[in-house]
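So you can see what is in the structure, the chains are spelled out below.
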Amino acid sequence: ERVTCELVIKTIRNAVAIPLNSAKDGITINGFNHRRGAFDGDIVTVHLLGTSEETGQKYGRVVKVEEARHPTKYVCRADQYNIINFYPIDRTVPGIVNLPKISRKILQYNSEEFRES
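Residues numbered from 1 in each chain as written. Predicted model: local features only at pLDDT ≥ 70, side-chain atom pairs only at ≥ 80, totals over all residues. Heavy atoms only, no water.

Q: Mind laying out the overall build of the chain, listing which residues take part and the relevant values?
A: Across its full length, the chain carries 2 helices and 8 strands. Listing the helices and strands of the chain from first to last along the sequence gives β-β-β-α-β-β-β-β-β-α. For the chain, contacts bridging at least 24 residues in sequence account for 41% of all contacts bridging at least 6. Total accessible area computed for the chain in this model is approximately 8800 Å², and 49% of it derives from carbon and sulfur atoms. (Helix = DSSP H or I, 4+ residues; strand = E, 2+ residues; numbered from the N terminus. Contact = heavy atoms within 4.5 Å. Areas by Shrake-Rupley, 256 points an atom, 1.4 Å probe, with all protein chains shown as cover.)

Q: For the pairing of strand β7 (residues 85–88), give the residues involved together with the corresponding values.
A: Relative to β7, strand β6 (residues 76–78) runs antiparallel, the two sharing 3 bridges. Of the residues in β7, the one forming a bridge with Cys76 is Pro88. Counted along the chain from β6 to the antiparallel partner β7, the turn is 6 residues long. (Pairing = 2+ DSSP bridges.)

Q: Please provide a residue-by-residue account of the sheet that holds strand β3 (residues 27–30), values included.
A: Read around the barrel, 5 strands follow the order β1-β2-β3-β5-β4 and close on themselves; strand pairing throughout is mixed. For this sheet the average axis-to-axis angle between neighbouring strands, irrespective of direction, equals 50 degrees. (Axes fitted to C-alpha atoms, helices over the stretch in contact; angles between N-to-C directions.)

Q: I'd like to hear about the nonpolar core, residue by residue, with values.
A: Among the nonpolar cores identified, the biggest contains 13 residues, and Cys5, Leu7, Ala17, Ile27, Val44 and Val46 are the most heavily contacted of them. Where this core is concerned, the elements lending two or more residues are β1 (2–9), β2 (14–19), β3 and β4 (43–51). (Core = buried A, V, L, I, M, F, W, Y, C linked by side-chain atoms within 4.5 Å. Buried < 20%, exposed > 50% of the residue type's maximum accessible area, 1.4 Å probe, protein only.)

Q: Could you give me a rundown of the pattern of salt bridges, with the residues and numbers involved?
A: Tallying each qualifying case throughout the model produces 1 salt bridge. When the shortest N-O distance is used, the salt bridge between Arg69 and Glu67 registers 3.4 Å. (Salt bridge = Lys/Arg side-chain N within 4 Å of Asp/Glu carboxyl O.)

If you want it as structure tokens, here you go:
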């Protein structure tokens, strides 16, 4: 079952998806990977994974970001030991890696280099 929800981030690893269509209880999203790049306040589609037998709590994962409502700029602090890592002041946002230009050139795929002669 898929449900359209508003995502409320609790911590970097835990979030709650509040269904928009009804007054149902929130759906717990555990783990950053299950958020799929969604941020606090985004409208998302959530796939229900199951329900806890003990508590009745529903668990799910984000399958699509319908509407991004998060800011695109964040205030960060630089890592004191590694200048390419930045950590946003807002703890619900994951760390950011800023690759220098030389690293980008190494990571780019050049199809002409791999063609057979």
